[in-house]
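Now for the letters of each chain:
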Amino acid sequence: MTVLGIETSCDETAAAVVRRESDGSAAILSNVVRDQLDLHRRYGGVVPEIAARAHVELLDAAIAQALDDAGLTFEEIDAVAATAGPGLIGGLIVGVVTGKAIALARGLPFVAVNHLEAHALTARLTDGIGFPYLLLLVSGGHTQLLAVEGVGRYRRLGTTLDDALGEAFDKTAKLLGLPYPGGPEVEKLAKDGDASIPLPRPMLGRAEPHFSLAGLKTAVRQAAQQRAPLSDQVVADLCASFQEAVAEIMVDRTGRGMALYLDQFGEDAPRQLVVAGGVAANQRLREALDRLCHAQGFTLHAPPLALCSDNGAMIAWAGLEHFARGERDDMTAEARARWPLDPDAPPAIGAGVKA
Ligand code: KG4
Ligand code: ZN
C-alpha cells in the first residue's frame, strides 16, 4: 500500500510517499520539505497569509519531487492524504484542495488527516509499536499528554492552560533577541550556558497532568530585565535555565501522565512513551524523558529529528493507517482550523483558548 502525503498546516510545504508491505514493514520512499523560514523570519513568526501564498507556489513542485524521489508515478499510488487540520486555515485549504484535485483527476481515494494524529502515529512508522501508548505531544501549537488507544482513538490526560511548549521556546527566544524559530536557537545557546538563574516550575506536583508555561516565559523576561544589558554569557545562562526548568516540568507532568495511563489501562499495559512534535527534537528534553522512562520501566520512542518537525511522511503514514482500515473521505472533506484529538475531553480548569 503506497500513499502520497501532503502537509501545509503551518510554514512547511511538504510532500512524501510512504509504503507499507503486506508483512507490515513500512518505508519512507521520499520526504520533501520546503521550509518558508526566509519568508517569515523578518516578522519574527509565521504570517498566515504569506504562508498560504507560499504553499500555493511551492506545493506542486514538492509533490512532483516526492514522486520523482520515490521513483513512482501517480499510477503507482494507492491513496492521497492531506492535512485537513488543525492549523492555519489558508494553508490547510491549499493542501486539501490540492489533495482532492489529485484524487479526482487520478481516480484515487482521498484521506483528510489530522495533523496531531499524524505526529501521534509517527512512532508506529519508525518503531512499529503497537497500542496502547502514552503520548507527549509538544509542538508550536500544542502541549498535551494523550493515551493513544488505537487509530482515531485518543484520550486526553493533560493539556496546557496557556502557551504551548514550542510557543514558550519561541517567545523566550524572541525576548532574548534570538531569531525565529526560537526552539533550536535556545537549545544551541543553552549548551554554553549555566542553568544557574532561578526560574519557577509551574504546576509541579499537581495531580492532573496539565501544563502552564506562560509564567515561565514571563519569569525569563523579568530575569533578563534585571540583568540588562545582556552579555552573551547571560543570554546563554538564561537559555540553559529555561531549558532546565522545561525539562523538570516535563518530567514531572509526564510522570503523572504515566501514573494515570497505568490507572486506566492496568499495570500490565505496554509501558511505552512516545514523544512527538517539533520540540521532541530537543536533546535535553529527550535525555530527561529517557531517564524518567528508565525509572518507570517505560520504553521511550522519539522519532528521528527529521520526523519531529512537520513533514509529509507523517501525513502519508496517518493516511495509510486510516486507509488500511477501509476509511477514506469524500470530496466534501474540508479544512478545519480546530480539530481536537479527543473532542470529549472536559475543559481543563483555568484553560484558555488553546486547550
Ligand atoms: O511540530 P512543529 O514542527 O510545528 C507545529 O505543528 O507547531 O513544531 C514547531 C515548534 C517550534 O515552536 C520550534 O521552536 C520548536 O518546535 N522546536 C524546538 C526545537 N526544534 C523545534 N524547541 C526546542 N528545541 C528544539 N531543538
Ligand atoms: Zn506539527
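These numbers come from a predicted model, not from an experiment.

(A) Molecular detail of the layout of surface pockets. Within this model, the second largest pocket holds a volume of roughly 260 Å³. Counting residues per element, the lining of the second largest pocket draws most heavily on strand S5 (residues 110-114), which supplies 3 residues. Looking at the lining of the second largest pocket residue by residue, the class counts come to 9 nonpolar, 3 polar and 6 charged.

(B) Inspection of the coordination of the zinc ion (ligand 2) at higher detail. Within the first shell, the zinc ion (ligand 2) binds the protein through His115 (NE2), His119 (NE2) and Asp310 (OD), at distances of 2.1 to 2.2 Å. One chain supplies every donor to the zinc ion (ligand 2), and in sequence these donors are spaced H-x3-H-x190-D. On the criterion of sequence distance, the pair formed by His119 in helix H4 (residues 115-126) and Asp310 in the loop between helix H10 (305-308) and helix H11 (312-324) is long-range, its members being 191 residues apart. Considered together, His119 and Asp310 belong to a single accessibility category, that of buried residues.

(C) Representation of empty space enclosed by the protein in the model. The full count for this structure, using the stated rule, is 1 cavity of 30 Å³ or more. In this structure, the largest cavity encloses a volume near 30 Å³. Taken together, Phe169, Gln243, Val246, Ala247, Asn282, Arg284 and Leu285 make up the lining of the largest cavity. Elements that contribute at least two residues to the lining of the largest cavity include exactly helix H8 (232-265) and helix H9 (283-296). Broken down by element, the residue count for the lining of the largest cavity peaks at 3 residues, all from H8. Residues that form the lining of the largest cavity fall into these classes: 4 nonpolar, 2 polar and 1 charged.

(D) View of the pattern of salt bridges. Overall, the coordinates contain 16 salt bridges when judged by the stated rule. The salt bridge partner of Glu75 is Arg106, with a shortest N-O separation of 3.2 Å. Placement of Glu75 in the loop between helix H2 (48-70) and strand S4 (79-85) and of Arg106 in helix H3 (residues 89-106) is noted, with a sequence separation of 31 residues between them. Look at Arg106 and you get partly exposed, because its relative accessible area is 42%. Taking the shortest distance from any N to any O, the salt bridge between Asp163 and Lys217 comes out at 3.0 Å.

(E) Spotlight on the state of the cysteines. Following the criterion strictly, the structure yields 0 disulfides and no others. Here Cys10 is not cross-linked by a disulfide; its sulfur's nearest cysteine counterpart is in Cys308, at 16 Å. Cys308 takes part in no disulfide bond, and the closest cysteine sulfur to it belongs to Cys293, at a distance of 15 Å.

(F) Layout of the packing of helix H5 (residues 165-175) against helix H7 (residues 214-226). In the contact formed by H5 and H7, the axes pass within 9 Å of each other and the chain directions differ by 15°. By the angle between their axes, H5 is roughly parallel relative to H7. For H5 against H7, the interelement crossing comes out right-handed. Residues Lys171, Thr172 and Leu175 of H5 pack against Lys217, Val220, Arg221 and Ala224 of H7.

Quick notes on the rules
- Residues numbered from 1 in each chain as written.
- Chains lettered and ligands numbered in written order.
- Predicted model: local features only at pLDDT ≥ 70, side-chain atom pairs only at ≥ 80, totals over all residues.
- Heavy atoms only, no water.
- 1 Å grid on protein atoms, 1.4 Å probe; cavity = no way out; pocket = protein on both sides within 12 Å on 5 of 7 lines; lining within 4 Å.
- Points joined across faces, edges and corners; volume = space filled by probe spheres on them.
- Helix = DSSP H or I, 4+ residues; strand = E, 2+ residues; numbered from the N terminus.
- Nonpolar A, V, L, I, M, F, W, Y, C, P; charged D, E, K, R; others polar.
- Donors = N, O, S within 2.8 Å, 3.2 Å for Na, K, Ca; no water.
- Buried < 20%, exposed > 50% of the residue type's maximum accessible area, 1.4 Å probe, protein only.
- Salt bridge = Lys/Arg side-chain N within 4 Å of Asp/Glu carboxyl O.
- Disulfide = S-S within 2.5 Å.
- Axes fitted to C-alpha atoms, helices over the stretch in contact; angles between N-to-C directions.
- Parallel < 35°, antiparallel > 145°, perpendicular 65-115°, else oblique.
- Left-handed = near helix turned anticlockwise from the far one by under 90°.
- Contact = heavy atoms within 4.5 Å.

Take it as geometry only, folks, not as evidence of what the structure does.
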